[in-house]
Amino acid sequence: MTTAPHSGTASGRTPALDELMAEHTQPLLTFVEKLVRDHHLAEDIVQETFIHAWQQGTRVRLVGVPIRDWLTTVARDLAVASLRQVAVGRERTEPEVDVTQPDHADAAVAAAEAVSMLRRLPVEHRAVLLHTYLAGRTTHETARALGVPVRTVRSRHHHALYTLRTGRRAA
């Protein structure tokens, strides 16, 4: 994906997003259906995955992993969240009255703040976080991918989280 999320056609979709959807929709749908065992829920999750990709725009390429891996990780996280939500719903004894749709504005603001905070990190620290959190890699896998020692990955991880928590650089 090489265009910003807000450029493109009147519908808001870009040619790059159309290509991405054409190439990855069916494999993602198959993957998510195996997780949730519900075709309609799987379709919704795949749609949310592409919305997330559209919102991320060119930031998706910062990760350095294949786009299919990134999409699969996002879809898996959405599926797990959905299954948890269903499980919590079964535990409730009172019927849910509120039928309003959730407002995505808070999530959009939080995502923008997260991107802004990540941009303030040194490139090396940001790469470690992207590999461990977004790509779901272990410390050892991240060390191999970045070509640095495991202890360096752990140190960068620690300092990056410290910087994000406190808003200032670690000493």
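Everything discussed here concerns the structure shown above.
So, how was this worked out
Residues numbered from 1 in each chain as written. Predicted model: local features only at pLDDT ≥ 70, side-chain atom pairs only at ≥ 80, totals over all residues. Heavy atoms only, no water. Core = buried A, V, L, I, M, F, W, Y, C linked by side-chain atoms within 4.5 Å. Buried < 20%, exposed > 50% of the residue type's maximum accessible area, 1.4 Å probe, protein only. Helix = DSSP H or I, 4+ residues; strand = E, 2+ residues; numbered from the N terminus. Patch = residues over 30% accessible without salt bridge, like charges linked within 9 Å, V, L, I, M, F, W, Y side chains within 5 Å. Areas by Shrake-Rupley, 256 points an atom, 1.4 Å probe, with all protein chains shown as cover. Salt bridge = Lys/Arg side-chain N within 4 Å of Asp/Glu carboxyl O. Lys, Arg positive; Asp, Glu negative; His and termini not counted. Charge placed at Lys NZ, Arg CZ, Asp CG, Glu CD. Expected span 1.5 Å × (residues − 1). Arc of directions from axis to C-beta. Axes fitted to C-alpha atoms, helices over the stretch in contact; angles between N-to-C directions. Parallel < 35°, antiparallel > 145°, perpendicular 65-115°, else oblique. Left-handed = near helix turned anticlockwise from the far one by under 90°. Contact = heavy atoms within 4.5 Å. Nonpolar A, V, L, I, M, F, W, Y, C, P; charged D, E, K, R; others polar.

## Comments concerning the nonpolar core
- Counting 17 residues, the largest nonpolar core has Leu 20, Val 32, Phe 50 and Leu 71 as its most contacted members.
- Those elements that provide at least two residues to this core are helix H1 (15-36), helix H2 (39-56) and helix H3 (67-91).

## Description of the side chain of Thr 163
- Assignment of secondary structure puts Thr 163 in helix H7 (residues 150-166).
- By relative accessible area, which is 10% here, Thr 163 ends up buried.

## So, a negative patch on the surface
- Together, Asp 38, Glu 43, Asp 44 and Glu 48 give the surface a local cluster of negative charge.
- Its place among the elements puts Asp 38 in the loop between H1 and H2.

## Focus on H7
- In this model, H7 (17 residues) spans 24 Å end to end at C-alpha, consistent with the 24 Å of a helix rising 1.5 Å per residue.
- Of the residues making up H7, those classed as buried are Val 153, Ala 160, Leu 161 and Thr 163. The buried side chains of H7 occupy one side of the element, clustering within an arc of 160° when seen end-on. Exposed residues on H7 whose side chains face more than 90 degrees from its buried face are Arg 151 and Arg 165.
- Immediately beyond the C-terminal end of H7, within one or two residues, lies Gly 167, with a positive phi of roughly 80°.

## Comments concerning the packing of H1 against H2
- The contact between H1 and H2 brings their axes to 8 Å, and the two run at 140°. If you check the angle between H1 and H2, you find them oblique. Considering only the axes of H1 and H2, their crossing is right-handed. Together, Leu 17, Leu 20, Met 21, His 24, Thr 25, Leu 28, Leu 29, Val 32, Glu 33 and Val 36 of H1 and His 39, Leu 41, Ala 42, Glu 43, Ile 45, Val 46, Thr 49, Phe 50, Ala 53 and Trp 54 of H2 make up the contact between the two elements.
- Looking at side-chain class alone, the contact of H1 with H2 contains 14 nonpolar, four polar and two charged residues.

## Side note on unusual backbone geometry
- With phi around 55°, Arg 37 is a residue other than glycine that occupies positive phi space.
- Its location among the elements puts Arg 37 in the loop between H1 and H2.
- Using a relative accessible area of 74% as the deciding quantity, one classes Arg 37 as exposed.

## Some remarks on the side chain of His 24
- Relative to the elements of secondary structure, His 24 occurs in helix H1.
- If we skip the residues at most four places from it in the chain, His 24 touches Phe 50, Ile 67, Arg 68 and Leu 71.

## What to know about the environment of Thr 152
- Within the secondary structure layout, Thr 152 lies in helix H7.
- For Thr 152, a relative accessible area of 25% gives the class partly exposed.
- Expressed as a C-alpha distance, the spacing of Thr 152 and Val 128, which sit 24 residues apart in the sequence, is 9.6 Å.

## Quick look at the pattern of salt bridges
- With the rule as written, the count across this model stands at one salt bridge.
- Residues Asp 77 and Arg 76 are paired through a salt bridge, measuring 3.4 Å at the closest nitrogen-oxygen approach.
- For Asp 77, a relative accessible area of 41% puts it in the partly exposed group.
- Under the relative-accessibility criterion, Arg 76 is labelled partly exposed at 36%.

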